[in-house]
Amino acid sequence: MTTLEDAREGMDPAIRPQDDLFGHVNGRWLAETEIPSDRSSWGPFVQLADVAEQQVHAIIEDLARQVADGAEVSEDARKIGDLFHSFMDTETIAARGTTPLRPLLTAVDGLRDTRDLAAFLGEFERIGGHGLFGSYVDTDSKDSDRYLFNLVQGGLGLPDESYYRDDKFAEIRDKYAAYLTRLFSLVEHPAPEAAAATVLAVDTRLAAGHWERAETRDVQKTYNLMTKADLVELCPSFDWDAYVTNLGGSDETLAEVCVRQPSYFSHLSTVLDEVPLEDWREWLRSHVLRAAAAYLTDDFVETNFDFYGRTLNGTPELRARWKRGVAFVEGAIGEAVGEEYVARHFPPRAKAMMDDLVANLLAAYRQSISRLDWMTDETKQRAYDKLDRFRPKIGYPEKFRDYSALQVTRDDLLGNVAAASAFETDRQLAKIGAPVDRDEWFMLPQTVNAYYNPGTNEICFPAGILQKPFFSPDAEEAENYGGIGAVIGHEIGHGFDDQGAQYDGDGNLNDWWTPEDKAAFEVKSKTLIEQYDAFEPRNLPGERVNGALTVGENIGDLGGLTIGHTAYLIARGGEAAAEDRQKLFLNWAYCWRTKRRKELDQQYLTIDPHSPPEFRANIVRNLDEFHEVFGTTDGDGLWLDPAERVRIW
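Residues numbered from 1 in each chain as written. Predicted model: local features only at pLDDT ≥ 70, side-chain atom pairs only at ≥ 80, totals over all residues. Heavy atoms only, no water.

By the naming in an unreviewed UniProt entry, the protein goes by Peptidase M13 and is assigned to Nocardioides agri. Recorded in UniProt for the protein, the comment headed Cofactor (unreviewed entry) runs: "Zn(2+)". (UniProt positions renumbered as here; feature names shortened; annotations may be inferred.)

If you want it as structure tokens, here you go:
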């Protein structure tokens with residue numbers, strides 16, 4: 001069966017593809033499909049993730065059974081079985097109650113000053129908690145042969161700074177305070193409502209210093225290399241030595257850092273000075289409770305889900321415990337699980353076909369760049385150079401991660417959460433000063449997704465996404481090119497979007513454009529921003545897409561689909577019938593078949609750099625090829641005057 005045969009039943013022939021490709025391919029499915037009660041969205045992406053989840057569950061159960069039977073298994077297999085058992089052992093979890101939390105809550109009670117606060121946050125973040133800011137290790141954006149410690153704004157319990165100031169989120173703020181009150185009540189706090197109000201007030205102070213989300217996408221503004229002395233001068237009220245020591249770092253960790261939003265850290269210093277220590281204690285108690293809630297007794301789990309699942313995402317029902325257990329095991333020891341997954345579920349034939357697809361997509365980009373009328377030969381040569389240095393990663397890593405340093409216990413869930421987080425913290429911190437590992441993967445093989453990483457100039461397609469509707473060895477070529485072909489094109493396109501285009505082939509922020517070409521590119525990007533700013537999601541009347549927030553992903557979609565079509569023609573020897581080319585566009589729209597709960601739609605419109613699925617599908621309005629094969633005319637819903645169509649790559 002071809003991929004589009006699977007889609008046929010959900011199509012709506014009453015909607016013409018020329019008016020609304022997304023509605024034509026998905027209209028009946030959208031009208032008739034119920035989102036599963038434990039999900040906030042549904043569609044091929046989530047369905048594939050569900051299948052992978054079931055496959056991983058079978059692997060885990062199999063290994064756990066072997067461990068229980070005393071069979072000879074690998075050390076990783078034993079750890080997988082023990083981790084899953086610790087999550088599923090609800091009797092032990094219930095018997096322990098809040099006892100595992102007590103050491104952290106006692107430590108918070110004993111804080112004497114902001115130095116103690118910094119020391120506590122170092123230890124808390126090491127074991128998986130979240131503090132006043134985020135941190136991560138990545139290649140230096142201007143020297144991709146070394147790793148750097150990065151600091152980013154953080155500290156909030158709601159999804160974004162706008163949730164603390166925008167009137168449309170007032171009800172969510174009230175529900176957040178009610179959630180915190182319930183959480184404090186579960187540990188018998190003497191004044192839970194007052195504590196919740198304090199946490200919301202501190203959050204609001206921190207949010208006032210946050211950059212707006214679209215601004216955080218500016219790769220130049222967010223590259224601020226600082227020495228430790230610079231960092232101390234920027235945020236003197238935070239004890240960086242105490243923090244990094246308890247995090248598990250060394251003098252080298254902060255010797256040079258990249259501070260992504262410097263004004264937030266100067267703001268943070270002021271807030272640390274002005275907020276009383278007792279308020280910080282309340283704020284930290286809430287962070288301890290929030291970090292642990294999903295791993296404690298049912299009342300904590302339900303309280304946490306009621307806010308973060310029901311209120312923010314609109315999901316009515318908590319996911320089955322085994323599903324949450326699978327997610328926990330994958331978070332802790334995911335590549336060991338992935339090694340088993342690949343052995344059982346990823347045929348070598350699929351990897352070989354993907355190699356051919358990627359080669360055709362890269363050839364199509366080269367062909368497309370050669371035809372650009374807005375780019376000079378000088379910049380084209382540099383674009384070719386970057387393209388030649390792209391590194392594709394397909395299916396699974398060449399070498400799987402070593403988990404020998406991870407110690408787990410069969411009957412201590414919260415202890416295992418802390419151990420897995422500390423293992424990962426140590427693994428990340430150990431990168432600083434070490435050679436860059438260009439073979440590392442940033443997604444698990446069983447993940448249904450793909451990525452481009454500018455710092456290593458690599459595109460990655462895990463085994464999990466290499467299935468219908470994106471890819472099938474048995475699908476028609478047009479379907480594969482409208483699915484995974486366009487996804488490959490999308491990820492390559494991130495190397496040439498508003499962010500990626502500023503990185504060279506070695507993964508360094510390095511301006512390889514002539515001023516004229518850069519100006520022409522920015523004009524096209526601005527036109528796309530303005531086009532998307534006007535879009536109103538069908539499920540959120542009166543709301544608008546944020547064109548500046550989504551421009552990078554929109555450039556990826558636009559380039560990906562354009563180049564996917566070009567690559568299909570290359571695969572067909574230069575020609576294809578209009579009917580076959582139509583299938584390419586139809587399968588593209590099928591891939592974005594998605595239904596979301598209104599709450600999640602609202603949240604994503606605020607924070608997600610991707611446009612809503614309907615606009616991802618209907619980006620075809622910009623492609624001459626779409627108008628040609630579907631014979632659109634002025635007056636059709638997707639008609640765009642040729643002069644208004646945006647074509648970048």
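Having seen it, we continue.
Another aspect to go through is the pattern of salt bridges. Under the criterion given, the structure shown has 62 salt bridges. A salt bridge links Arg165 to Glu161; the nearest nitrogen and oxygen atoms lie 2.8 Å apart. Assessed through its relative accessible area of 52%, Arg165 is described here as exposed. When its relative accessible area of 7% is taken as the criterion, Glu161 is described as buried. In this structure, the salt-bridge partner of Lys526 is Glu530, at a minimum N-O distance of 2.7 Å. With Lys526 and Glu530 both in helix H20 (residues 515-533) and four residues apart, the pair spans about one turn of that helix. Since its relative accessible area comes to 45%, Glu530 is described here as partly exposed. Taken together, the salt bridges that share partners define one network made up of Asp38, Arg39, Asp50, Glu53, Arg319 and Lys323. (Salt bridge = Lys/Arg side-chain N within 4 Å of Asp/Glu carboxyl O. Buried < 20%, exposed > 50% of the residue type's maximum accessible area, 1.4 Å probe, protein only. Helix = DSSP H or I, 4+ residues; strand = E, 2+ residues; numbered from the N terminus.)

On to the packing of aromatic side chains. Taken as a whole, this structure holds 43 aromatic pairs when the rule is applied. Arranged with centres 6.1 Å apart and planes meeting at 90 degrees, the rings of Trp240 and Tyr243 form a pair that is edge-to-face. Taken together, the residues span about one helical turn, with Trp240 and Tyr243 both in helix H11 (residues 240-247) at a distance of three residues. For the pair formed by Trp240 and Tyr243, the shared burial category is buried. Through successive ring pairs, a cluster of aromatic residues spans Tyr365, Trp374, Phe390, Tyr452, Phe496, Trp512, Trp513, Phe521 and Trp649. (Phe/Tyr/Trp six-rings, centres within 6.5 Å; stacked < 30°, edge-to-face > 60°.)

A word on helix H21 (residues 547-571). Here H21 spans 34 Å end to end across 25 residues, near enough to the 36 Å set by a 1.5 Å rise per residue. Of all bends in H21, the biggest is about 40 degrees, found at Glu553. Counted residue by residue, H21 has 22 buried out of 25 residues, so it is predominantly covered. For H21, the side-chain oxygen to backbone nitrogen distance between the N-cap and Ala548 is 3.1 Å, and the N-cap itself is Asn546. Once H21 finishes, Gly573 follows within two positions and takes phi at roughly 80 degrees, a positive value. (Expected span 1.5 Å × (residues − 1). Bend = angle between axes of the 7 residues up to and from the residue. Polar contact = N/O pair within 3.5 Å; in protein donor to acceptor, adjacent residues only side chain to side chain.)

In a disulfide, the sulfur atoms of two cysteines are held together by a covalent bond. Under the counting rule described, the total for this entry stands at zero disulfides. Among the cysteines around Cys258, which has no disulfide bond, Cys235 carries the closest sulfur, lying 16 Å off. Sulfur of Cys460: no disulfide; nearest cysteine sulfur belongs to Cys591 and is 18 Å away. (Disulfide = S-S within 2.5 Å.)

The geometry of helix H8 (residues 170-186) relative to helix H14 (residues 298-313) is characterised by a closest axis approach of 10 Å and an angle of 175 degrees between their N-to-C directions. Between H8 and H14, the angle falls in the class roughly antiparallel. Across the interface between the two elements, Ile172, Lys175, Tyr176, Tyr179, Arg182, Leu183 and Leu186 of H8 pack against Asp299, Phe300, Thr303, Asn304, Asp306, Phe307, Tyr308, Thr311 and Leu312 of H14. Class assignment of the residues belonging to the contact of H8 with H14 gives a composition of nine nonpolar, three polar and four charged. (Axes fitted to C-alpha atoms, helices over the stretch in contact; angles between N-to-C directions. Parallel < 35°, antiparallel > 145°, perpendicular 65-115°, else oblique. Contact = heavy atoms within 4.5 Å. Nonpolar A, V, L, I, M, F, W, Y, C, P; charged D, E, K, R; others polar.)

Considering the arrangement of structural elements, one finds Asp50 in helix H3 (residues 44-68). Asp50 sits 273 residues away from Lys323 along the chain, and the two C-alpha atoms are 9.2 Å apart. Residues in contact with Asp50, not counting those within four places in the same chain, are Arg39, Trp42 and Arg319. Within the structure, the side chain of Asp50 is placed 2.3 Å from the side chain of Arg39, a separation counted as a polar contact.

Moving on: the UniProt feature "domain: Peptidase M13 C-terminal" (unreviewed entry) in the protein. As annotated in UniProt, the feature "domain: Peptidase M13 C-terminal" (unreviewed entry) corresponds to residues 449-646 in the numbering used here. A helix fraction of 49% and a strand fraction of 5% characterise residues 449-646, whose end C-alpha atoms lie 26 Å from each other.

Here eight bridges tie strand E2 (residues 133-140) to strand E3 (residues 143-153), and the two strands are oriented antiparallel to one another. Within E3, the position partnered with Ser135 by the bridge is Leu151. In this structure, the hairpin formed by E2 and E3 is closed by a connection of two residues. Across three bridges, E3 lies against strand E5 (residues 256-259) in parallel orientation. Note on E5: the bridge partner recorded for Leu151 is Val259. (Pairing = 2+ DSSP bridges.)

Once that is clear, we can look at unusual backbone geometry. With an omega of 5 degrees, the peptide bond running from Lys468 to Pro469 counts as cis. Within the secondary structure layout, Pro469 lies in the loop between strand E8 (458-462) and helix H19 (477-494). Backbone geometry places Glu188, a non-glycine residue, at a positive phi of 55 degrees. Relative to the helices and strands, Glu188 is located in the loop between H8 and helix H9 (192-207). Exposure remark for Glu188: the relative accessible area of 71% places this residue in the exposed category.

Here the focus is the side chain of Thr425. Of note, Thr425 is situated in helix H18 (residues 413-429). Here Thr425 is in contact with Glu125, Arg126 and Leu247, once residues within four sequence places are set aside.

Here we come to the domain arrangement of the protein. For the protein, the domain assignment lists domain 1 (43-97 + 324-345), domain 2 (99-295) and domain 3 (347-397 + 441-630). The gap between the C-alpha centroids of domain 1 and domain 3 is 33 Å. Counting residues at the interface gives 15 residues for domain 1 and 20 residues for domain 3. Interface area, domain 1 with domain 3, both sides summed: about 1400 Å², of which 72% is carbon and sulfur. Ranking the residues of domain 1 by area buried against domain 3 places Pro44, Phe45 and Leu48 at the top, with a combined share of 44%. Our enumeration of links across domain 1 and domain 3 arrives at zero salt bridges. Here domain 1 is connected to domain 3 by two residue pairs in polar contact (both at pLDDT 80 or more). For the side of domain 1 that touches domain 3, the secondary-structure elements that each account for two or more residues are H3 and helix H15 (321-345). (Domains from an automatic or database assignment. Buried area = accessible area lost by both parts, 1.4 Å probe.)

So, about the side chain of His210. With respect to the helices and strands, the residue His210 is situated in the loop between H9 and strand E4 (225-227). Within the local environment of His210, its side chain forms a polar contact with the side chain of Gln153, the two groups lying 3.4 Å apart.

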